[in-house]
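Commentary on secondary and tertiary structure
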Amino acid sequence: QVQLVESGGGLVQPGGSLRLSCTAPGTKIALRIMGWYRQAPGEQRELVAAMSTNGRTDYADSVKGRFTVSRDIAEHTVSLQMDSLTPEDTAVYYCHAADVYAWGTHQDDYWGQGTQVTVSS
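In this text, all values refer to a predicted model and were calculated from it rather than measured experimentally. (Residues numbered from 1 in each chain as written. Predicted model: local features only at pLDDT ≥ 70, side-chain atom pairs only at ≥ 80, totals over all residues. Heavy atoms only, no water.)

1. A closer look at the overall build of the protein
Our working definition: Secondary structure is summarised from DSSP: a helix means a run of H or I of at least four residues, a strand means a run of E of at least two, and numbering begins at the N terminus for each. A simple rule labels every residue: compare its accessible area, found with a 1.4 Å probe on the protein chains alone, to the largest value its type can have, and call it buried under 20%, exposed over 50%, or partly exposed in between. Surface accessibility follows the Shrake-Rupley procedure with a 1.4 Å probe radius. Residue values consider only the protein chains on display as shielding.
In terms of helices and strands, the protein carries zero helices and eleven strands. Starting at the N terminus and walking to the C terminus, you meet the elements of the protein as β-β-β-β-β-β-β-β-β-β-β. Seen through its principal axes, the protein has C-alpha atoms that stretch 45 × 25 × 25 Å. Looking at the protein as a whole, 39% of its 121 residues qualify as buried. Surface accessibility of the protein: about 6800 Å² in total, with carbon and sulfur atoms responsible for 47%.

Right under this line is the structure:
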């Protein structure tokens, strides 16, 4: 099974930046979708940003213009550059990948353990 390993979380002041990285070290075939979800206390897990192998991106409205998702398909990594962070960005961020197959009729989802991002003064 695909395992995802995250890094880069931490504590940052409002207005600061962080860069999250995720790798799938045991994967040899490109995963159709890789990206990031987050979950704040008492909130549902939500999509933050994702990128497919065809270059399409999807961002939550709340992060558009501030966050940038990027992939190195050959290296099976995905990164999230987070700028202009606010306390509302505080959450556990989870790397996510989806393996789409059978003409798109099936999808396997894989999740990292999560990394804490705290935005506070």
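2. Considering the sheet that holds strand β8 (residues 77–82)
Where we set the bar: At least two bridges found by DSSP between two strands is the condition for calling them paired. Lines fitted to the C-alpha atoms define the axes, with helices restricted to the stretch that makes contact. Angles between their N-to-C directions range from 0 to 180 degrees.
If you walk across this open sheet you meet the four strands as β1-β3-β8-β7, and the pairing is antiparallel. Of all strands in the sheet, those with a lone pairing partner are β1 (5–7) and β7 (67–72), marking the two edges. Going across the sheet, the axis of each strand differs from the next one's by a mean of 15°, ignoring polarity. For β7 and β8, the ladder comprises six bridges, and the chain directions are antiparallel. If you follow Ser70 over to β8, its bridge partner there is Ser79.

3. Here we look at the state of the cysteines
Under the convention used in this document: Cysteine sulfurs are considered disulfide-paired once they come within 2.5 Å of each other.
Under the definition given, this model contains one disulfide. Sulfur-sulfur distance for the disulfide between Cys22 and Cys95 comes to 2.0 Å. Between Cys22 and Cys95 the disulfide shows an S-S torsion of about -85°. By sign, it is left-handed. Taken as a pair, Cys22 in strand β3 (residues 18–23) and Cys95 in strand β9 (residues 91–101) lie far apart in primary sequence, 73 residues in all. Assigned by exposure class, Cys22 and Cys95 land together as buried.

4. Some remarks on the pairing of β9
Counted residue by residue, β9 has eight buried out of eleven residues, so it is predominantly covered. Of the pairings in the sheet, the one linking strand β4 (residues 33–39) to β9 comprises seven bridges and is antiparallel in character. Bridging from a neighbouring strand, Met34 pairs with Ala97 of β9. Both β9 and strand β11 (residues 115–119) contribute to a ladder of three bridges, which runs antiparallel.

5. Overview of the packing of aromatic side chains
Convention followed: Two aromatic rings, drawn from Phe, Tyr or Trp (for Trp, its six-membered ring), form a pair once their centres lie within 6.5 Å of each other, and the interplanar angle then sorts them: stacked below 30 degrees, edge-to-face above 60, tilted otherwise. Over a ring means this: the NZ of a Lys or the CZ of an Arg is within 6 Å of the ring centre and within 35 degrees of the ring normal.
Counted by the stated rule, this structure contains one aromatic pair. Taking 5.0 Å as the distance between ring centres and 70° as the angle between the ring planes, the aromatic pair formed by Tyr37 and Trp111 counts as edge-to-face. Taken together, the residues Tyr37 in strand β4 and Trp111 in strand β10 (residues 106–111) connect sequence positions 74 residues apart. Of the residues examined, Tyr37 reaches a relative accessible area of 21% and is grouped as partly exposed. For Trp111, a relative accessible area of 34% gives the class partly exposed. Stacked on the ring of Tyr94, the Lys or Arg Arg45 has its end atom at 3.8 Å from the ring centre. The ring of Trp111 is capped by Arg45, whose NZ or CZ atom sits 4.7 Å from the centre of that ring.

Geometry only, nothing functional implied.
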